[in-house]
Amino acid sequence: MSYPQGSVNRRTLLLAAAAGGGVLTAGPASAHARPAPHRPAHARPGPDRPAHAGPIRPERPAVRSVGCFEVLALRDAAGPFFLPYDEAFSGASSNDWAAARRIDPAAFGPDRTWQLDFRCYAIRRPGDRYTLVDTGVGPQGSPASAWAPVPGVLPQLLAGNGIDVRRVDTVVLTHLHEDHAGWAVTAQGVPMFPNARYVMQQRELDALEADGSEMIGYVVRPLREAGRLHPVDGTVVLSGDTVGAGPRTPAGRHGDRIRVVPTPGHTPGHQSVLVEGGRHDQVVVTGDVLVHAVQIADPDVGYRYEADQHLARLTRRNLLDSARRERAVLATAHLNRPFVELR
Ligand SMILES: [Zn+2]
C-alpha cells in the first residue's frame with residue numbers, strides 16, 4: 001500500500017489522537033518523486049465514501065506448516081480502501097477483474113469498493129522463537145490513521161495466541177509504508193519487540209531519508225536509538241539450516257530456512273520473505289509485491305501508488321513465476337485470504 005505523506009511527527013500524531021480524532025488533519029508537506037500520494041482529505045470518510053471499519057475482532061489465525069516452521073497469519077485490520085478498485089488499478093481489463101473475483105471474491109464490496117485486509121505473519125521456529133513479518137496499521141494515532149482502519153489488533157492477536165513479544169527475536173519490515181510498520185514501536189516510541197532485530201533493506205532506509213519521510217521519525221530513529229535497527233543489503237538468510245533441519249532434509253535439497261529477498265518496485269527497498277522447508281515446500285510472504293488479486297490474474301496490472309511501476313511489474317512476474325515453479329503458497333498482506341495457492 002501507499003500512504004499520504006506528511007510532515008507529522010510523533011507528537012502531532014499523538015496530539016491528534018488525544019484530541020479524539022483517529023483521522024489526522026495534518027497536510028502533506030514533502031515533495032516526492034513518486035506519483036502524487038493521496039491526501040489525508042481523500043482518506044477521510046465522507047458521505048460519498050464508505051466509513052472505515054472500526055477495530056476488528058481478533059480472529060483465530062490461519063496456520064501453514066513449512067518444514068520445521070509454522071506460519072501464522074495475523075489480521076491486524078480490515079476495511080475498504082478510499083479509492084474504487086478500478087481507480088486503484090486502472091489498467092485492469094474486464095477479464096482481469098473476472099479472474100480476480102474468482103481468486104478473492106471478498107475484495108469486491110458494494111459500489112466498486114476494494115475491501116482489504118492488513119495482515120502480518122508470525123513464523124514460529126523451533127524453541128518457541130518467532131520471526132514477525134510486518135507490524136500492521138498500529139494504534140489509534142499511528143501514521144496509518146490518515147487513511148487505514150485503526151486501531152489494529154495485533155497485540156491482542158499475539159497475546160491470544162501465546163506469542164510473548166519478548167520471544168520475537170526478528171521483525172522483518174517488508175517496507176516502510178505505515179500500514180506495515182504501525183506496531184513496530186509503541187506510542188512512547190520504544191520498540192514493541194524489545195529483543196528483536198528489525199530487518200529492513202538499507203535501500204529502503206536511503207529512500208526514506210531522501211524523501212524526508214515521517215516514518216524516519218516514527219519508526220527508524222527510535223529503533224536506531226534503541227540499537228534494534230538491522231539494515232541489510234540484498235538476500236540474507238535469517239534462520240539457517242541449523243534451525244531444526246537436521247537429518248530430515250534430504251541431501252541435495254536446501255534445508256529449512258527463512259530468507260529475505262529484495263523485491264523492489266512498490267518501494268525502492270521492498271523485500272519479501274521466503275520460508276522454505278525443502279523442495280516444493282515454501283511460503284512466500286510477499287509484502288506488497290501484489291496488493292490485490294487482480295495482480296495475480298495479470299502481473300502487468302500496476303497499482304496506482306507503486307513507486308516504480310515498471311520495476312514493480314518485473315518483480316511481480318519474477319516472484320509469481322518462481323512461486324509457481326516451487327509450488328509455493330503466497331502469504332499476502334492485503335488479500336482477504338491469508339494463503340493463496342497458485343495454479
Ligand atoms: Zn500495504
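All of these numbers come straight from a predicted model, not from anything done at the bench.

S.K.: Whenever I open this one, the overall build of the protein chain confuses me. Can you help?
M.R.: When helices and strands are counted, the protein chain shows nine helices and 13 strands. In the protein chain, which comprises 343 residues, the share counted as buried stands at 57%. Considering only contacts in the protein chain between residues 6 or more positions apart, those separated by 24 or more positions represent 70%. Carbon and sulfur atoms form 48% of the exposed surface of the protein chain, whose accessible area is close to 13600 Å².

S.K.: Looking at this structure, I do not really get the nonpolar core. What am I missing?
M.R.: Soluble globular proteins: nonpolar side chains tend toward being buried together. F81, F89, W97, W114, Y303 and L330 are the most contacted members of the largest nonpolar core, which totals 41 residues. Elements represented by at least two residues in this core include exactly helix 3 (85–88), helix 4 (94–103), strand 3 (115–125), helix 8 (294–297) and helix 9 (309–326). When residues of this core are assigned to their parent elements, the largest contribution, three residues, is made by helix 9. Listed in part, the 35 residues of the second largest apolar core include A78, L132, M192 and M215.

S.K.: What exactly am I supposed to notice about the sheet that holds strand 12 (residues 329–332) here?
M.R.: Whether parallel or antiparallel, the strands of a sheet pair through hydrogen bonds between backbone atoms. Spatial ordering of the open sheet is given by 8-9-10-11-12-13, a layout of six strands whose pairing is mixed. Only two strands of the sheet have a single partner each, and these edge strands are strand 8 (236–239) and strand 13 (339–341). Strand-to-strand twist of the sheet, defined as the mean angle between neighbouring strand axes without regard to direction, takes the value 25°. In terms of strand pairing, strand 11 (residues 282–287) meets strand 12 through four bridges, oriented parallel.

S.K.: I would appreciate a short explanation of the sheet that holds strand 2 (residues 69–80) in the present structure.
M.R.: Strand order in the open sheet formed by seven strands is 1-2-3-4-5-6-7, and the pairing between neighbours is mixed. Across the chains shown, the open sheet's two edge strands, defined by having one partner strand only, are strand 1 (63–66) and strand 7 (229–232). Within this sheet the neighbouring strands show an average axis-to-axis angle of 25°, counted without direction. Judged from the four bridges that link them, strand 1 and strand 2 form a sheet pairing that is antiparallel. Its bridge partner being in strand 2, V63 is matched across the sheet by L72.

S.K.: Any chance you could explain helix 7 (residues 214–225) here in plain terms?
M.R.: Every α-helix carries 3.6 residues per turn, so stepping three or four residues along brings you back to the same face. An ideal rise of 1.5 Å per residue puts 16 Å on 12 residues; helix 7 measures up with 16 Å between its terminal C-alpha atoms. At the N-terminal end of helix 7, a side-chain oxygen is found 2.9 Å from the backbone nitrogen of M215, two or three residues along, and the residue is S213.

S.K.: When you look at the packing of aromatic side chains in this model, what are you seeing that I'm missing?
M.R.: The description of an aromatic ring pair uses the distance of the two centres, along with the angle that the planes make with each other. What the rule picks out here adds up to 15 aromatic pairs. Ring centres of Y85 and F108 lie 5.0 Å apart, and the angle between their planes is 75°; this geometry places the pair in the edge-to-face category. One end of the pair, Y85, is in helix 3; the other, F108, is in the loop between helix 4 and strand 3, and 23 residues separate them in sequence. With respect to burial, Y85 and F108 carry one shared label: buried. Feature note: the residues F81, F82, Y85, F89, W97, F108, W114, F118, W147, Y303 and Y305 constitute an aromatic cluster, connected by ring pairs.

S.K.: What should I look at first to understand the confidence of the model for the protein chain in this one?
M.R.: Low-pLDDT portions of the prediction should not be read for the details of their coordinates. The share of residues in the protein chain with pLDDT of 70 or more is 80%, and the mean pLDDT across the chain is 84. Scored below 50 in pLDDT, residues 3–51 shows 98 contacts in the model against residues more than four places distant or in partner chains. Taken together, the stretch residues 242–253 has pLDDT below 50 and engages in 16 contacts with residues farther than four places along the chain or on a different chain.

S.K.: Can you help me understand the pattern of salt bridges in this one?
M.R.: On inspection of all chains with the given rule, the structure shows 15 salt bridges. We note a salt bridge from E209 to R224, for which the minimum N-O separation is 3.9 Å. Of this pair, E209 sits in helix 6 (residues 202–211) while R224 sits in helix 7; the two residues are 15 residues apart in sequence, bridging distant segments of the chain. The class for R224 is partly exposed, based on a relative accessible area of 43%. Here R317 ties to D300 by a salt bridge, and the two come within 2.9 Å at their closest N and O atoms. One end of the pair, R317, is in helix 9; the other, D300, is in the loop between helix 8 and helix 9, with 17 residues separating them in the sequence. Taking relative accessible area as the criterion, D300 reaches 34% and is therefore assigned partly exposed. Ionic contacts of the salt-bridge type, sharing partners, join the residues E59, R75, D117 and R119 into one network.

Cut-off values and rules
Residues numbered from 1 in each chain as written. Predicted model: local features only at pLDDT ≥ 70, side-chain atom pairs only at ≥ 80, totals over all residues. Heavy atoms only, no water. Helix = DSSP H or I, 4+ residues; strand = E, 2+ residues; numbered from the N terminus. Buried < 20%, exposed > 50% of the residue type's maximum accessible area, 1.4 Å probe, protein only. Contact = heavy atoms within 4.5 Å. Areas by Shrake-Rupley, 256 points an atom, 1.4 Å probe, with all protein chains shown as cover. Core = buried A, V, L, I, M, F, W, Y, C linked by side-chain atoms within 4.5 Å. Pairing = 2+ DSSP bridges. Axes fitted to C-alpha atoms, helices over the stretch in contact; angles between N-to-C directions. Expected span 1.5 Å × (residues − 1). Polar contact = N/O pair within 3.5 Å; in protein donor to acceptor, adjacent residues only side chain to side chain. Phe/Tyr/Trp six-rings, centres within 6.5 Å; stacked < 30°, edge-to-face > 60°. pLDDT = per-residue confidence, 0-100. Salt bridge = Lys/Arg side-chain N within 4 Å of Asp/Glu carboxyl O.

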